[in-house]
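Structural features, examined
Residue strings, one per chain:
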Amino acid sequence: MKRKNDHGFPDRSAIVAFIKANHGKAGTREIAREFGVKNADRIELKRLLRELADDGTIKKKRHTVSEPDALPSTLVADIGTRDADGELIASPTEWDEVESGEPPKILIIMPRRPKPGTTAGVGDRVLLRVEPSNESEGPAYRGHIIKVFDKAKSRILGVFRALPEGGGRLIPVDKKSADRELNIAANDTKGAQDGDLVSVDIVRTRSFGLASGRVKERLGSVKSEKAISLIAIYAHDIPLQFSSAAEREAEAAEPANLKGREDWRDVPLVTIDPPDAKDHDDAVHAQPDDDPNNKGGFIVNVAIADVSFYVRPGTALDRSALDRGNSVYFPDRVVPMLPERISNNLCSLVPGEPRGALAVRMVLGPDGRKRSHTFHRILMRSAAKLSYAQAQAAIDGRPDDTTGPLLDPILKPLYAAYACAKRARDERDPLNLDLPERKILLKSDGTVDRVVVPERLDAHKLIEEFMILANVAAAEMLEKKSLPLIYRVHDEPTLEKVHALSEFLETLDVPFAKTGALRPTLFNRVLAQLEGHDYYPLVSEVVLRAQAQAEYSSENYGHFGLNLRRYAHFTSPIRRYADLVVHRALVRALGLGEGALPDSETPESLSEVAAHISLTERRAMKAERETVDRLIAHHLADRIGASFQGRVSGVTRAGLFVKLSETGADGLIPIRSLGTEYFNYDEGRHALVGTRSGTMHQLGDVVDVRLIEAAPIAGALRFELLSSAGEAAPRERRPFRAQRKSSKAHPGRSPKDKKRRPDKHKKKSGKGKKGKGKKGKAW
């Protein structure tokens, strides 16, 4: 192609080609610079550009020119869906379909480590830097996120219910919007069938009557199996499919061999997991230390699947793992962080098969304290796959065919090492909030069979303590080598929360003498005093709510709950990206071979990763919790009018939240249904107090309720109170009151206010203190 004509002026075709190659960035100045146009020739260039614009060859806008149908280099777009590879697809927010036809599609390109504020999902509105795609297939444009705006307020996820006359209604899946149905006209259904999960754009709102919506996308039927978790997956934009590139990398991976590894195949490591575990990424072994200088001590080996060997930085597998951040566990399915070929095969420490692992060998003194540790890249062969109950039964004198031969050589040394490690743990005195965790068991059709509370065994505690020791060793090693890492941190409670807890315990006459530095021991002392009392669950809940939420950070400020100065997640790289980063850092620090943390990683870049995976962890927790709520609401939907016993799990100005003893389901007793009198919200006592009678409904109260309404799609239950705390379960209202002279005080008040009306001394609520339910102790 000629760049200039015979007179030395730029050729028309060359100018048009330059404009196409510099999408949205070419103006008169840039063209003049490219072709050496100077002085008076600039007038001729402007005239030529006007001609090209007039005949439709180019489009002129302000100071830039582009192809007539091209998108500008920067635009606002809405992310509407994902393609078959799971990649985000956006369309311009402002687009005239009547004049220009279907809006062009833009493939969102996500960097391996997104900058803060640039992680987006379906339903988000974003500012993009756009460029033409060079691919022969797929969207014509590629977009890089500059900024994420608030999620589109007009997009709602719900279940489509068809109407006989055509069209239908949308039942929102969000609890807060469960009673705000949308009307969908017959020509706006996009072919949705009754029971389909759909995303809908609000097209018109009304002061009276239903708002109208238009189906944007059909996501599948909620009548099919595993539909309940599907709602949470789409509502929280959890990636469900891996990209084809990630799947190809996983399929091409080869099993690890002895190259660059120590041979530990003769070390009888065993895995101990839940009976339904699909992947086994940690194995343990212990033996008495034969060093005469460490008599009574133990050597504990913890081997962790070597995920860093397969998932290399910058690959498609790495990008998908970072995007997910962690695996998400629903009662009916797992959305894994890594493809099954990696998580359930090459990195699963199955018995009898050689597997690559990163192992830490720890020497414990007779006092249980870790004296030293070393890390090793190994090839191992698991000696057995055991469940927690199976290992515990063997130790308790009930071995089976599998555990019988393992009892003396493997299991007894493991438990002896745990008993040793427990001495140091007890001395450290971490926060002792051992709250029961319920597990939902499903039928073959995906509905709830029953809800159980698995017994808390020493086998659980053994694995937890060894994993904590390994995590501490990883953090210490990387600090010693001065390498950046992602810590697992847990801040101490704020002074505001500690003060609120102190005031609450004062209403129960429970001593809370805070002296010196804040330590978990302070809370453990309170819990120990109440063990065996009816108030124990109540105080446990309040102590839990006083705690901060654990998170990931490149900056270390310790782990308050575990009472540790340094702590990093190392033991689950199959399901947590933070652990994968720590593995890579150890490989780099110790020169263990391939898959090391890149030299380009800095505390600043890891800070962005830590912020992202903290968000994905909270996303997973919320999605898991909502799915459980929906499953149990569906389970109870045919028991309207039935009575249940439960415990008040939350108190707000809206009413009482009750957790049922039978299933662990949470539901609301609206404050308006509590009686004819007015109830004040006493934040300090976590209670609603009647202004006339002084009747108090408090966090932790045992109550009898009747189920009035169940909304399975929203996961919402509404109850009616049948009995007060005193009627449901007469109990000692003040466990420490008997030691005082004021034992005849009103059961709902402390001695100093026994002559006052409850509404006269109601505590004013402070900002930011309102209880929002259990945060969980994902430490």
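No experiment lies behind these values; they were computed from the predicted model shown.

1. A closer look at the overall build of the chain
- The secondary structure content of the chain amounts to 17 helices and 33 strands.
- Looking at the chain residue by residue over its 779 residues, the buried ones come to 50%.
- Sequence separation of at least 24 residues holds for 65% of the intrachain contacts in the chain that already meet a minimum separation of 6.
- In the form shown here, the chain has an accessible surface area of approximately 37,400 Å², with 48% of it arising from carbon and sulfur atoms.

2. A word on the packing of aromatic side chains
- The tally for this structure, following the rule as stated, stands at four aromatic pairs.
- Seen from their ring centres, Phe 512 and Phe 523 are 6.3 Å apart, and the 50° between their planes marks the pair as tilted. With a gap of 11 residues between them, Phe 512 in the loop between helix H12 (495-507) and helix H13 (520-530) and Phe 523 in helix H13 connect regions that are remote in the sequence. In this pair, the class of Phe 512 matches that of Phe 523, namely buried.
- For Phe 523, a relative accessible area of 0% gives the class buried.

3. Points about the sheet that holds strand S29 (residues 679-682)
- Ordered by their spatial adjacency, three strands build an open sheet running S29-S30-S31, and the pairing between neighbours is antiparallel. Either end of the sheet is taken by a strand with one partner, and the two such strands are S29 and strand S31 (696-698). The mean angle between the axes of side-by-side strands here comes to 20°, regardless of whether they run parallel or antiparallel.

4. As for the packing of helix H6 (residues 244-252) against helix H7 (residues 316-324)
- At a closest axis distance of 8 Å, the pairing of H6 and H7 adopts a crossing angle of 120°. Taken together, H6 and H7 sit at an angle that is classed as oblique. Judged by the sense of rotation from one axis to the other, the crossing of H6 with H7 is left-handed. Here H6 contributes Ala 245, Ala 246, Glu 249 and Ala 250 to the contact with H7, which in turn contributes Ala 316, Leu 317 and Ser 320.
- In the contact of H6 with H7, the residues fall into five nonpolar, one polar and one charged.

5. A short note on the side chain of Asp 579
- Of note, Asp 579 is situated in helix H15 (residues 577-590).
- Residue class for Asp 579 comes out buried when judged on its relative accessible area of 0%.
- Of the polar contacts made by the side chain of Asp 579, one reaches the side chain of Arg 576; its length is 2.8 Å.
- The contact partners of Asp 579, leaving out residues within four places of it in the chain, are His 569, Phe 570, Thr 571, Ser 572 and Pro 573.

6. Regarding the pairing of strand S32 (residues 702-711)
- Where strand S26 (residues 643-652) lies against S32, five bridges are found, and the strand directions are antiparallel. Across the sheet, residue Gln 645 finds its bridge partner in S32, namely Asp 704.
- Taking the residues between adjacent antiparallel strands as the criterion, S32 and strand S33 (residues 716-721) are bridged by four residues, where Gly 715 takes a positive phi near 70°.

7. Description of H7
- Burial analysis of H7 places seven of its nine residues in the buried class, the great majority of the element.
- Burial in H7 covers these residues: Ala 316, Leu 317, Asp 318, Ser 320, Ala 321, Leu 322 and Arg 324.
- Just downstream of H7, Gly 325 is the residue with a positive phi angle, here 80°.

8. What about the nonpolar core?
- Within the largest apolar cluster, 94 residues are counted, with the highest numbers of intra-cluster contacts made by Val 302, Leu 414, Phe 466, Ile 486, Phe 570, Tyr 577 and Leu 586.
- The biggest single contributor to this core is helix H11 (residues 458-480), with 12 residues.
- If you look at the next biggest cluster of nonpolar residues, it comprises 51 residues, including Leu 501, Leu 530, Ala 665 and Val 703.

9. Section: the pattern of salt bridges
- Counted under the stated rule, the structure contains 32 salt bridges.
- Note that Asp 194 and Arg 161 form a salt bridge whose closest N and O atoms lie 3.6 Å from each other. Linking Asp 194 in the loop between strand S10 (182-184) and strand S11 (196-204) with Arg 161 in strand S8 (residues 155-162), this pair joins segments that are 33 residues apart in sequence.
- The exposure class assigned to Asp 194 is partly exposed, which follows from its relative accessible area of 31%.

10. A look at helix H14 (residues 536-546)
- Judged by how many residues are buried, H14 sits mostly within the fold: nine of 11 residues are covered.
- Along H14, the positions that sit buried rather than exposed are Leu 538, Val 539, Ser 540, Glu 541, Val 542, Val 543, Leu 544, Arg 545 and Ala 546.
- Against H12, H13, S26 and S31 lie the buried residues of H14.

11. A word on the environment of Ile 669
- As for its position among the elements, Ile 669 is in strand S28 (residues 666-670).
- Between the alpha carbons of Ile 669 and Phe 719 there is a distance of 5.0 Å; along the sequence they are 50 residues apart.
- Ignoring sequence-local partners within four residues, the contact set of Ile 669 consists of Ala 654, Gly 655, Leu 656, Val 658, Leu 674, Val 705, Phe 719 and Leu 721.

12. Quick look at a positive patch on the surface
- Where like charges cluster on the molecular surface, the positive patch consists of Arg 29, Arg 33, Arg 42, Lys 46 and Arg 50.
- Looking at the positive patch, the elements with two or more residues in it are helix H2 (28-35) and helix H3 (41-54).
- The biggest single contributor to the positive patch is H3, with three residues.
- In this fold, Lys 46 is placed in helix H3.

13. Brief notes about the packing of H12 against H14
- The geometry of H12 relative to H14 is characterised by a closest axis approach of 9 Å and an angle of 165° between their N-to-C directions. Overall, the two elements H12 and H14 adopt an arrangement that is roughly antiparallel. As for how H12 packs across H14, the hand of that crossing is right-handed. Residues Lys 497, Leu 501, Phe 504 and Leu 505 of H12 form the contact with H14, whose own contacting residues are Leu 538, Val 539, Val 542, Val 543, Arg 545 and Ala 546.
- Across the contact of H12 with H14, the residue classes tally to eight nonpolar, no polar and two charged.

14. Some points on unusual backbone geometry
- With a phi close to 60°, Ser 482 is a non-glycine residue in the positive phi region.
- Counting through the fold element by element, Ser 482 comes out in the loop between H11 and strand S24 (487-489).
- Of the residues examined, Ser 482 reaches a relative accessible area of 64% and is grouped as exposed.
- For Asn 563, which is not glycine, the phi torsion reads 55° and is therefore positive.
- Tracing the backbone shows Asn 563 in the loop between strand S25 (551-553) and H15.
- You can call Asn 563 partly exposed: its relative accessible area is 26%.

15. Quick look at the confidence of the model for the chain
- Chain-level pLDDT for the chain is 83 on average; 85% of the residues reach the 70-or-more range.
- For the stretch residues 726-778, pLDDT sits under 50, and the model shows 104 contacts to residues farther than four places along the chain or on other chains.

16. What about the environment of Asn 556?
- By the element assignment, Asn 556 lies in the loop between S25 and H15.
- Among the residues examined, Asn 556 registers a relative accessible area of 28% and is labelled partly exposed.
- Put simply, Asn 556 and Ile 486 are 70 residues apart on the chain and 8.5 Å apart in space, counted from C-alpha to C-alpha.
- Within the local environment of Asn 556, its side chain forms a polar contact with the backbone nitrogen of Gly 558, the two atoms lying 3.0 Å apart.

The rules behind the values
- Here the residue index of a chain counts from 1 through its sequence in written order.
- Where local features are concerned, this predicted model is filtered to residues with pLDDT of at least 70; where side-chain atom pairs are given and counted, the filter is 80 or more; whole-chain, interface and lining totals use all residues.
- Hydrogens and water molecules were not included; the side-chain quantities draw on all heavy atoms of the structure.
- Numbering goes from the N terminus for both helices and strands, where a helix is a DSSP run of H or I of at least four residues and a strand is a run of E of at least two.
- Exposed residues in this analysis have more than 50% of their type's maximum accessible area, buried residues have under 20%, and partly exposed residues fall in between, with area computed by a 1.4 Å probe over protein chains only.
- Between two residues, a contact is recorded if the distance between any of their heavy atoms is within 4.5 Å.
- Only the protein chains shown count as cover for residues, and the accessible areas themselves come from Shrake-Rupley with a 1.4 Å probe.
- To pair, rings of Phe, Tyr and Trp, with the six-membered ring standing in for Trp, must have centres within 6.5 Å; the planes then decide the type, stacked if under 30 degrees apart, edge-to-face if over 60, and tilted in the middle.
- Here a strand pair is declared whenever DSSP counts at least two bridges between the two strands.
- Here, axes are lines fitted to C-alpha atoms. For helices the fit covers the stretch in contact, and angles between N-to-C directions go from 0 to 180 degrees.
- Any angle that falls under 35 degrees is termed roughly parallel, while one over 145 is termed roughly antiparallel, one within 65 to 115 roughly perpendicular, and all others oblique.
- Crossings are classed by handedness, with left-handed meaning an anticlockwise turn of the near helix from the far one by less than a right angle and right-handed meaning a clockwise turn.
- Note that Gly is not counted as nonpolar here; it falls among the polar residues with everything else outside the nonpolar set of Ala, Val, Leu, Ile, Met, Phe, Trp, Tyr, Cys and Pro and the charged set of Asp, Glu, Lys and Arg.
- Distance and chemistry together define a polar contact, namely a pair of N or O atoms within 3.5 Å, with one atom able to donate a hydrogen and the other to accept it when in protein, and with adjacent residues in sequence counting only for side-chain atoms on both sides.
- For this analysis, a nonpolar core means a set of buried residues of the types Ala, Val, Leu, Ile, Met, Phe, Trp, Tyr and Cys, connected via side-chain atoms within 4.5 Å.
- By convention in these notes, a salt bridge is any Lys or Arg side-chain nitrogen within 4 Å of a carboxyl oxygen on Asp or Glu.
- Nonpolar side chains (Val, Leu, Ile, Met, Phe, Trp, Tyr) are joined into patches within 5 Å and like charges within 9 Å, using only residues with over 30% relative accessible area and no salt bridge.
- As used throughout, the charge tally considers Lys and Arg to be positive and Asp and Glu to be negative, leaving His and the chain termini uncounted.
- Positions of charges follow a simple convention, taking NZ of Lys, CZ of Arg, CG of Asp or CD of Glu.
- pLDDT measures how confident the predictor is about each residue, on a scale from 0 to 100.

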